[in-house]
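Notes for the structure review
For reference, the chains in residue letters:
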Amino acid sequence: MDCTAIILCGGKALRAGGRDKGLVRVYGRPLVQQALDTVSGLASNAVISANRNLDRYAEFGHPIVADTLTGFQGPLAGLQAGLAYCETSVALVLPCDMPFLTEAILARVLDGLGSKALCCAHDGQRDQYLVAALRTDLQTHLAHFLARGERAVQRWYAELDSVTVDCSDAAVSFQHFNAPQRYGF
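Residues numbered from 1 in each chain as written. Predicted model: local features only at pLDDT ≥ 70, side-chain atom pairs only at ≥ 80, totals over all residues. Heavy atoms only, no water.

1. Observations regarding helix α4 (residues 103-113)
Condition: Type-normalised accessible area, obtained with a 1.4 Å probe on protein chains alone, sets the label of each residue: buried when under 20%, exposed when over 50%, and partly exposed for intermediate values. Secondary structure is summarised from DSSP: a helix means a run of H or I of at least four residues, a strand means a run of E of at least two, and numbering begins at the N terminus for each. Arc definition: directions from the helix axis to the C-beta atoms. Should any heavy atoms of two residues lie within 4.5 Å, those residues are considered in contact.
Buried within α4 we find Ile105, Leu106, Val109, Leu110 and Leu113. Along the axis of α4, the buried residues cluster in a sector spanning 140°; they form a single face. Exposed residues on α4 whose side chains face more than 90 degrees from its buried face are Ala104 and Asp111. On its buried face, α4 sits against β1 (3-8), α1 (31-39), β6 (90-95), β7 (118-122), β8 (127-135) and β9 (162-166). Immediately beyond the C-terminal end of α4, within one or two residues, lies Gly114, with a positive phi of roughly 50°.

Quick look at the structure:
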């Protein structure tokens with residue numbers, strides 16, 4: 001499936017002490033590079049959604065998009081910026097802070113999309129809203145949602161013809177580095 005990967009790196013990282021998580025080195029490589037490597041076999045191109053350190057992100061050789069909404073409005077603002085860049089009909093979305101995500105899990109999410117508007121992973125306990133495949137023609141719907149002052153990912157998904165894909169057999173894939181200092185990074 002021809003798709004564009006959108007790597008979300010644009011948050012405030014409050015739980016990470018304000019550190020730009022995409023640039024945190026884990027096992028010798030920045031988290032954003034790990035995400036880019038994971039999607040390289042699935043996506044025809046990738047875009048990095050970031051709001052800080054744009055020059056450093058540019059070093060990874062992929063286009064950088066920043067939120068058009070000011071004040072760190074959350075992951076949907078980053079998704080909106082990424083969707084505006086997409087030239088494919090499908091986007092594969094993932095956060096930069098899940099270094100254990102695998103190509104196989106992301107392929108499962110892409111395959112789960114089928115004819116739906118959106119598909120996200122379910123780790124056996126909860127939906128993993130930011131590990132998703134979606135139709136890029138949802139840009140307008142998302143813009144209207146955000147214009148209403150909405151910011152909750154799960155509320156937007158509830159308005160769409162969406163589905164989840166069971167990834168409970170690989171729950172470890174969804175561990176994230178929200179607090180990298182807790183892991184010594």
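Structure shown, so let's carry the discussion forward.
2. Digging into the sheet that holds β7
Selection rule: Think of it this way: DSSP has to see at least two bridges between two strands before they count as a pair.
In space, the 7 strands of this open sheet follow the order β5-β4-β1-β6-β8-β7-β9, with mixed pairing throughout. Bordering the open sheet on either side are β5 (64-65) and β9, each of which pairs with just one other strand. The pairing of β1 with strand β4 (residues 45-49) spans 5 bridges and is parallel. Directly across from Leu8, in β4, lies its bridge partner Ser49.

3. Observations regarding the environment of Asn45
Here is the rule we go by: We call two N or O atoms a polar contact when they sit within 3.5 Å, provided that within protein one can donate a hydrogen and the other can accept it, with sequence-adjacent residues counted only if both atoms are side-chain atoms.
Among the secondary structure elements, Asn45 is positioned in strand β4. Residue class for Asn45 comes out partly exposed when judged on its relative accessible area of 27%. As for Asn45 and Ile6, which are separated by 39 residues in sequence, their C-alpha atoms are 9.0 Å apart. Contact partners of Asn45, with chain neighbours within four places excluded, come to Cys3, Thr4 and Ala5. A polar side-chain atom of Asn45 sits 2.7 Å from a polar atom in the side chain of Thr4.

4. Things to note about α1
Taken across its 9 residues, α1 has 7 buried, putting it largely inside the fold. Turning to α1, its buried residues are Leu31, Val32, Gln34, Ala35, Leu36, Thr38 and Val39.

5. What about the packing of helix α3 (residues 75-85) against helix α5 (residues 139-147)?
Selection rule: Interaxial angles span 0 to 180 degrees and are taken between N-to-C directions of axes, which are lines fitted to C-alpha atoms, for helices over the stretch in contact. It is the rotation of the near helix from the far one that decides the hand of a crossing: anticlockwise by less than a right angle makes it left-handed, clockwise makes it right-handed. When residue character is reported, Ala, Val, Leu, Ile, Met, Phe, Trp, Tyr, Cys and Pro are called nonpolar, Asp, Glu, Lys and Arg charged, and the others, Gly included, polar.
Axis separation between α3 and α5 bottoms out at 10 Å; the angle between their running directions is 150°. The hand of the α3/α5 crossing is left-handed. Contact residues: Leu76, Ala77, Leu79, Gln80, Leu83 and Ala84 in α3; Gln139, Leu142, Ala143, Phe145 and Leu146 in α5. Residue composition of the contact of α3 with α5, grouped by class: 9 nonpolar, 2 polar and no charged.

6. Concerning the environment of Phe145
With respect to the element layout, Phe145 can be found in helix α5. The exposure class of Phe145 is buried, given its relative accessible area of 0%. Along the chain, Phe145 and Glu159 lie 14 residues apart, while their C-alpha atoms are 9.5 Å from each other. The residues contacting Phe145, other than those within four sequence positions of it, are Leu76, Glu150, Arg151, Ala152, Arg155, Trp156 and Glu159.

7. What to know about the environment of Ala171
Inspection of the secondary structure puts Ala171 in the segment after β9. On the basis of relative accessible area, Ala171 is assigned to the partly exposed category, the value being 35%.

8. Some details on the pairing of β1
When you tally the buried positions in β1, you get 6 out of 6 residues, the bulk of the element. Side chains of β1 alternate between two faces, with Cys3, Ala5 and Ile7 and Thr4, Ile6 and Leu8 buried alike. Here β1 pairs with β6 via 6 bridges, running parallel. Within β6, the position partnered with Ile6 by the bridge is Val93.

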